[in-house]
Amino acid sequence: MSDQQPLPPTPAPALDLKNIQGDILSGLPKKTETFYFFEITDVTGFRTNLRDFVPVIKTVAQTLKDREAIDKHKKESGHGGHKPPTIPLVGVNIAFSHLGFAKLGIDDTKLVDTAFLSGQRQDAQTLGDKGTLDGDKFVPDWDAPFKQDIHGVFVVAGDSHVTVDRKVQLIEQRFKVGTPTASISKIVSIVGDVRPGDQDGHEHFGYLDGVSNPAIIGFDKNPPPGPAPVRPGVLLLGQDGDEDKDGRDPWMADGSFLVFRQLFQNVPEFDEFVNTNRLQLPGLSAKEGADLFGARLVGRWKSGAPIDLTPFFDDPELADDPLRNNNFHFTAERDFQKLCPFAAHIRKTLPRADLEDLGFSIENRRIARRGIQFGPELTRAEKQQKKTLLGRGLLFVSYQSSIVNGFQFIQQSWANNANFPFGEQTPETPGLDPIIGQSGDAPRGLMSGVNPNTPATTVDLKDVWVIPRGGEYFFSPSIKALRETIAL
Ligand code: HEM
């Protein structure tokens, strides 16, 4: 089983935090974030503009300083006074698609990753997205901007729209957007916002997100108990733990693959499904029965508390305690999904001891998630009509040293696979991940384990509540690569 392993006796070689883009290891701090997708229109112009722009890119070292400043500000404003709730801080990162490298004339074959090299549009059918066939070509049901060739993305994260918009303007100035000497043109920019009030940190279905991310050996100093920390090469190319470490070109070191997906969420419809299927157990009110059913779809309560540790009632104190809220392995139960359904979103996407007890490592499946919500809060009309009228959802972002091992594998082989997790301990077919599992146009089938007392009870996942409408695979290079290989 995967009890937290001690750090290695000899310290891992220090990472060069000034060489790694900030979002990868520490997450750019954000209340709002703009993803600015672009096409390179003038290669030489772009490489020249980029040379001057590299100093603007925020590194991990700078991001850690920003986080310290935010913590200090929070402490000070906690002692009364009239300080504003946030301090003006903004960070910019940049990443390129395979088509972007091709346009720049940069040979990226040693990035190796077949998902990256084919691009996400080509991969959409593998991921289970809905779409149509144009001859033998699959065309996903995506929004128009993502059907174009995207060369790169600027990720701009900050405390407010004012600071972020100012940075976006700076990008447009530096790359001369809209002028005769422009080196890029904007394809689309998409804005994400943390949800307001007590929903800060919660995704649109209402569940706290961002609780469990991999701790990195040599970077996270005191990782809380939970899944074993991973080697830095699980996220960073060229580092220990990168499966293709020895075959990379030197410029690829310290970069990471960035997966972007725009996932729309049908919230009123999801709420209605949860309410209709609420569990009717002795001692539970109707609301508690609905909350329990919802928690069994996700594997955590809305507070973030894991149902593996608190299976019948939410426990906000447990949720708030970093020493406890990720310290479970799905082992307490060889109980056949009494505590947590096999198909629950967090069990599908990180099966912990379900695999480790069978002798499989989960290290190379770990991804660092850095998403943000987009779209407005539910309106009264939507609540009344129980129908989505406005677009909202998750701008999903993950970093990993292999998309094939990380995001693609999780989506295709785990979330979309009704028979996973497998083995003797799963007498009932788990079914698809009810949150993100996809099967193209085919029905999603049944999910078992919804009722803790009778795990064979199933529910029909005939509706979908998470709908991908676009995305791309990118590579977020090191500062050195930006300066010496990509810029002129
Ligand atoms: C709109 C779509 C999605 C929603 C609403 C959603 C929601 C959540 C929530 C509430 C959690 C629990 C909090 C946490 O552990 O951080 C979670 C965890 C997680 N999700 Fe998602 N998620 C979505 C999409 C995805 C996708 C597309 C993937 C990857 C293919 C994914 C992978 C994960 C992973 C790896 C975890 C952490 C599991 C763990 O370490 O225990 N999620 N998600």
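Here the structure is a predicted model, which is why all the values come from computation and not from measurement.

**Overview of the overall build of the chain**
Scanning the chain from N- to C-terminus turns up 15 helices and 13 strands. Expressed as lengths along the three principal axes of its C-alpha atoms, the size of the chain is roughly 70 × 55 × 55 Å. Put simply, the chain has 488 residues, and 54% of those count as buried. Summarising the internal contacts of the chain: among those between residues at least 6 apart in sequence, 72% fall at separations of at least 24. Working note: accessible area of the chain is about 20800 Å², and carbon and sulfur atoms make up 52% of it. Within the chain, one finds 54 positive and 64 negative side-chain charges whose respective centroids are separated by 4 Å.

**Some words on the packing of helix α8 (residues 267-276) against helix α9 (residues 286-298)**
Closest axis-to-axis distance for the α8/α9 pair is 8 Å, and the angle between their directions is 115°. In this structure, the crossing between α8 and α9 has a hand that is right-handed. Across the interface between the two elements, F270, F273, V274 and N275 from α8 touch A290, F293, G294 and L297 from α9. Taken together, the residues that form the contact of α8 with α9 break down as six nonpolar, two polar and no charged.

**Observations regarding a nonpolar patch on the surface**
A cluster of nonpolar side chains, L358, F360 and F422, forms an exposed patch at the surface whose accessible area comes to about 280 Å². Assessed through its relative accessible area of 44%, F360 is described here as partly exposed.

**Thoughts on the site of the ligand**
Not every one of the 25 residues close to the ligand is listed here, only the nearest: V211, S212, H345, R352 and R369. Within the side chain of S212, a nitrogen or oxygen atom sits 2.5 Å from an oxygen atom of the ligand. In the environment of the ligand, a nitrogen atom lies 2.9 Å from a nitrogen or oxygen atom belonging to the side chain of H345. Counting residues per element, the ones that place at least two in the shell around the ligand are β7 (256-265), α11 (345-349), β10 (393-400) and α14 (407-415). Across the shell around the ligand, the residue classes break down as 14 nonpolar, six polar and five charged. When residues of the shell around the ligand are assigned to domains, at least three fall in each of domain 1 (22-262 + 471-486) and domain 2 (266-364 + 411-467).

**Notes on the coordination of the iron atom of the ligand**
Within the protein, just one atom coordinates the iron atom of the ligand: H345 (NE2), at a distance of 2.1 Å. On the secondary structure map, H345 appears in helix α11.

**Structural notes on the domain arrangement of the chain**
The assigned domain composition of the chain is domain 1 (22-262 + 471-486) and domain 2 (266-364 + 411-467). Between the C-alpha centres of domain 1 and domain 2 the distance comes to 29 Å. In this assembly, 24 residues from domain 1 lie in contact with 32 residues from domain 2. Together, the buried faces of domain 1 and domain 2 total about 2300 Å²; carbon and sulfur atoms form 57% of this surface. Where domain 1 packs against domain 2, one counts one salt bridge. We note a salt bridge from R231 to E363, for which the minimum N-O separation is 2.7 Å. Taken together, the links from domain 1 to domain 2 amount to 11 residue pairs in polar contact (both at pLDDT 80 or more). Grouping the constituent residues of the side of domain 1 that touches domain 2 by class yields 10 nonpolar, nine polar and five charged.

**Things to note about the nonpolar core**
Core analysis: the biggest nonpolar cluster contains 87 residues, and F46, L50, F96 and F154 have the highest contact counts within it. Ranked by the residues each element gives to this core, the list is headed by α9, at six residues. Counting residues in each nonpolar core, the second largest holds 36 residues, with L15, F37, A95 and V155 among its members.

**Points about α9**
Its 13 residues give α9 an end-to-end C-alpha distance of 19 Å, which sits within 8% of 18 Å, the value for a rise of 1.5 Å per residue. Among the residues making up α9, those that are buried are G289, A290, L292, F293, G294, A295, R296, L297 and V298. Elements that come into contact with the buried residues of α9 comprise α8, α11, β11 (446-448) and β12 (458-460). Among the residues trailing α9, G299 stands out with phi positive, at a value near 100°.

**Examining unusual backbone geometry**
Residue F420 is joined to P421 through a cis peptide bond whose omega torsion reads -5°. Secondary-structure assignment places P421 in the loop between α14 and β11. With a phi close to 60°, F330 is a non-glycine residue in the positive phi region. Summarising the element assignment, F330 is placed in the loop between α10 (316-320) and α11. Look at K386: it is not a glycine, yet its phi comes out positive at around 55°. Structurally, the position occupied by K386 is in the loop between α13 (380-385) and β10. Here K386 falls in the partly exposed class, since its relative accessible area comes to 45%.

**Some remarks on the packing of aromatic side chains**
The final tally for this structure, using the stated rule, is 32 aromatic pairs. On the basis of an interplanar angle of 65° and a centroid distance of 6.3 Å, the ring pair of Y36 and F154 is categorised as edge-to-face. Of the two residues, Y36 sits in strand β1 (residues 32-40) while F154 sits in strand β5 (residues 152-158), which places them 118 residues apart along the sequence. Just as Y36 is buried, F154 falls in that class too. Through successive ring pairs, a cluster of aromatic residues spans Y36, F38, F46, F53, F96, F101, F116, F154, F175, W251, F257 and F475. Above the plane of the ring of F409 lies R365, whose end atom (NZ or CZ) is 3.5 Å from the centre. Residue placement shows R469 over the ring face of F264; its charged tip is 3.9 Å from the ring centre.

Parameters at a glance
- Residues numbered from 1 in each chain as written.
- Predicted model: local features only at pLDDT ≥ 70, side-chain atom pairs only at ≥ 80, totals over all residues.
- Heavy atoms only, no water.
- Helix = DSSP H or I, 4+ residues; strand = E, 2+ residues; numbered from the N terminus.
- Buried < 20%, exposed > 50% of the residue type's maximum accessible area, 1.4 Å probe, protein only.
- Contact = heavy atoms within 4.5 Å.
- Areas by Shrake-Rupley, 256 points an atom, 1.4 Å probe, with all protein chains shown as cover.
- Lys, Arg positive; Asp, Glu negative; His and termini not counted.
- Charge placed at Lys NZ, Arg CZ, Asp CG, Glu CD.
- Axes fitted to C-alpha atoms, helices over the stretch in contact; angles between N-to-C directions.
- Left-handed = near helix turned anticlockwise from the far one by under 90°.
- Nonpolar A, V, L, I, M, F, W, Y, C, P; charged D, E, K, R; others polar.
- Patch = residues over 30% accessible without salt bridge, like charges linked within 9 Å, V, L, I, M, F, W, Y side chains within 5 Å.
- Salt bridge = Lys/Arg side-chain N within 4 Å of Asp/Glu carboxyl O.
- Near = heavy atom within 4 Å.
- Polar contact = N/O pair within 3.5 Å; in protein donor to acceptor, adjacent residues only side chain to side chain.
- Domains from an automatic or database assignment.
- Donors = N, O, S within 2.8 Å, 3.2 Å for Na, K, Ca; no water.
- Buried area = accessible area lost by both parts, 1.4 Å probe.
- Core = buried A, V, L, I, M, F, W, Y, C linked by side-chain atoms within 4.5 Å.
- Expected span 1.5 Å × (residues − 1).
- Phe/Tyr/Trp six-rings, centres within 6.5 Å; stacked < 30°, edge-to-face > 60°.
- Lys NZ or Arg CZ within 6 Å of the ring centre and 35° of its normal.

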